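# Structural description and commentary
Each chain is listed here by its residues.
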Amino acid sequence: MGAVKTKRMPRAVREQQMLDAAVEIFGQRGYMAASMDEIAELAGVSKPLVYLYLNSKEDLFTACIRREARALVDAVRSGVRTDLPADRQLWDGLLAFFAHTAAHPHAWSVVHLQARTHGETFAAEAAAMREEIVAFVTHLIAVAAREAHRDPDLPEREVAGLAEALVGAAESLAAWANATEGITARQSAATLMNFAWAGLGNLMEGHNWTPPA
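Here is a short report on the structure shown in this document. (Residues numbered from 1 in each chain as written. Predicted model: local features only at pLDDT ≥ 70, side-chain atom pairs only at ≥ 80, totals over all residues. Heavy atoms only, no water.)

### A look at the nonpolar core
Operational definition: Put simply, buried Ala, Val, Leu, Ile, Met, Phe, Trp, Tyr and Cys residues joined by side-chain atoms within 4.5 Å make one nonpolar core. Any residue under 20% of the maximum accessible area for its type is buried, any over 50% is exposed, and the rest in between are partly exposed; the area is computed with a 1.4 Å probe on protein chains only. Helical segments are the DSSP runs of H or I of at least four residues, strand segments are the runs of E of at least two, and each set is numbered from the N terminus. It only takes one pair of heavy atoms within 4.5 Å for two residues to be counted as in contact.
Membership of the largest hydrophobic core comes to 31 residues, with the highest contact counts inside it found for F97 and F98. Mapped onto this core, the elements with two or more residues apiece are α5 (57-78), α6 (86-103), α7 (105-114), α8 (120-147), α9 (156-179) and α10 (185-205). Those residues in contact with F97 that sit more than four places away from it in its chain are L72, V76, W108, A170, E171 and A174. Core analysis: the next-biggest nonpolar cluster, separate from the first, contains 26 residues, M18, F26, A34 and V45 among them.

As structure tokens, then:
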């Protein structure tokens, strides 16, 4: 009976099972050390079937990066309510980011570490995801500036730089949190929020720090 169910499983469902298995193996062992035999075994299918559905190890890895990158971006976007104040939007976005990366550590390893270190094609997939998140954070910072109601004419480059810095800090903190026992997503989000908003809040108020001459 079980074999019949497996045979009749829709292709889309079967493919997602393969991707689930691949993300776990790639995340645990790394792209180079991961084998298609391991992935097929974990997915409960034959290796030829993995190749039939996903062509090659490279194509399988690319599909994993795309799926997990999209899931992360969607999680961050859906976690933010645009009708709330700017600081709450930023907090909710950070919390959604850290909650997702904590709940899916293998996926985060694939997107953040493996994709960036095994060739330009894979790195480009991860970079596209990062650019989308940076653009979203740039928008949140611009909204915060507008809401300050103190003519906070932040230059476009400064807003872009702040977004890049914030996303970079979030990526590093997520990697550290996933490797450190006992760190919750809420703690990570609060750490970065306290670090970032103290500075952003001052900027919104027009209190800029000026380097010495």
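Having seen the model, we can carry on.
### Description of the side chain of D92
Inspection of the secondary structure assignment puts D92 in helix α6. Owing to a relative accessible area of 11%, D92 belongs among the buried residues under this scheme. Not counting chain neighbours up to four residues away, the residues in contact with D92 comprise G79, V80 and L84.

### A closer look at empty space enclosed by the protein
Short version of the rule: A pocket here means an open set of points on a 1 Å grid, computed over the protein atoms alone, that has protein on both sides within 12 Å along at least five of seven lines. A cavity is instead a set of points where a 1.4 Å probe fits but cannot get out; residues with an atom within 4 Å of a point line either one. Grid points are joined across faces, edges and corners, and a volume is the space filled by probe spheres set on the points. When residues are grouped by polarity, Ala, Val, Leu, Ile, Met, Phe, Trp, Tyr, Cys and Pro land in nonpolar, Asp, Glu, Lys and Arg in charged, and all others, Gly among them, in polar.
In the structure shown here, the tally under the stated rule is four cavities of 30 Å³ or more. Taken as a whole, the largest cavity holds about 120 Å³ of empty space. For the lining of the largest cavity, the secondary structure elements donating two or more residues are α6, α8 and α9. When its residues are assigned to classes, the lining of the largest cavity shows 11 nonpolar, two polar and no charged. Of the pockets and cavities examined, the second largest cavity occupies roughly 50 Å³. In terms of lining, the second largest cavity is formed by E68, L72, H100, T101, H104, A107, W108 and V111. Elements with a minimum of two residues in the lining of the second largest cavity: α5, α6 and α7. Split into classes, the residues belonging to the lining of the second largest cavity amount to four nonpolar, three polar and one charged.

### Notes on the environment of E171
The following threshold applies: In protein, a polar contact requires one atom able to donate a hydrogen and another able to accept it; more generally it is a pair of N or O atoms within 3.5 Å, and residues adjacent in sequence count only if both atoms are side-chain atoms.
Residue position: E171 is located in helix α9. The exposure class of E171 is buried, given its relative accessible area of 7%. Apart from the residues within four sequence positions on either side, E171 is in contact with F97, W108, H112, R116 and R130. There is a polar contact of 3.0 Å between the side chain of E171 and the side chain of R130.

### Examining α7
Since the α-helix advances by 3.6 residues per turn, residues separated by three or four positions end up pointing in the same direction. Most of α7 is tucked away: seven of the 10 residues are buried. Among all positions of α7, only A107, W108, S109, V110, V111, H112 and Q114 are buried.

### Thoughts on the pattern of salt bridges
Pairs may arise between side chains of opposite charge once their charged atoms sit close together. The following threshold applies: Just to be clear on terms, a salt bridge is a Lys or Arg side-chain nitrogen sitting within 4 Å of an Asp or Glu carboxyl oxygen.
Overall, the coordinates contain 14 salt bridges when judged by the stated rule. The residue R116 makes a salt bridge to E171 at a minimum N-O spacing of 2.8 Å. You can see R116 sitting in the loop between α7 and α8 and its partner E171 sitting in helix α9, a full 55 residues away along the chain. Taking relative accessible area as the criterion, R116 reaches 34% and is therefore assigned partly exposed. Among the salt bridges present, the one from R130 reaches E164, with a minimum N-O distance of 2.8 Å. Highlighted residues: R130 in helix α8 and E164 in helix α9, separated in sequence by 34 residues. Put simply, R70, D74, R77 and E132 are held in one network by salt bridges that share partners.

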